[in-house]
Amino acid sequence: MAEMFVWPRGAQAADCAALEGWLAEHGWEVDPTVFMAGALGQAVQVRRIGGAWQEDEPGLLILPGETVEHDGTRVRLTAKPAGCLTG
């Protein structure tokens, strides 16, 4: 069964710490070289732990209000319901 984490809009320091801990449990980390802020809060770029990361290496961008799931193998965004514009 997939485990989920909701990245809230307007995330605070406690939300960042919770996300970092959840990611670490699944072999992922926040990419410290990428920072994006917007009207709804910060977006977070994540990547697998331990890779020899290059600038063009694939990762996952998590936007404010999105839900991330770990299915036992990978981390990905959950599908939004049809017709949902704001998640």
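Below: a short report on this structure. In this text, all values refer to a predicted model and were calculated from it rather than measured experimentally.

Digging into the pairing of strand E6 (residues 67-70)
Then step 1. Where strand E1 (residues 3-6) meets E6, four bridges bridge the pair, whose relative direction is antiparallel. Counted as the bridge partner of Glu 3 is His 70 from E6.
Then step 2. Of the strand pairs in this sheet, E6 and strand E7 (residues 75-77) are connected by three bridges, and their pairing is antiparallel. Looking across to E7, one finds that Glu 69 is bridged to Arg 76.
Then step 3. Two successive antiparallel strands, E6 and E7, enclose a turn made up of four residues, where Gly 72 displays a positive phi of approximately 100°.

What about a nonpolar patch on the surface?
Then step 1. A cluster of nonpolar side chains, namely Met 36, Leu 61 and Leu 63, defines an oily patch on the protein surface of about 220 Å² accessible area.
Then step 2. Locating Leu 61 in the fold gives a position in strand E5 (residues 60-62).
Then step 3. For Leu 61, a relative accessible area of 31% gives the class partly exposed.

Conventions used here
Residues numbered from 1 in each chain as written. Predicted model: local features only at pLDDT ≥ 70, side-chain atom pairs only at ≥ 80, totals over all residues. Heavy atoms only, no water. Pairing = 2+ DSSP bridges. Helix = DSSP H or I, 4+ residues; strand = E, 2+ residues; numbered from the N terminus. Patch = residues over 30% accessible without salt bridge, like charges linked within 9 Å, V, L, I, M, F, W, Y side chains within 5 Å. Areas by Shrake-Rupley, 256 points an atom, 1.4 Å probe, with all protein chains shown as cover. Salt bridge = Lys/Arg side-chain N within 4 Å of Asp/Glu carboxyl O. Buried < 20%, exposed > 50% of the residue type's maximum accessible area, 1.4 Å probe, protein only.

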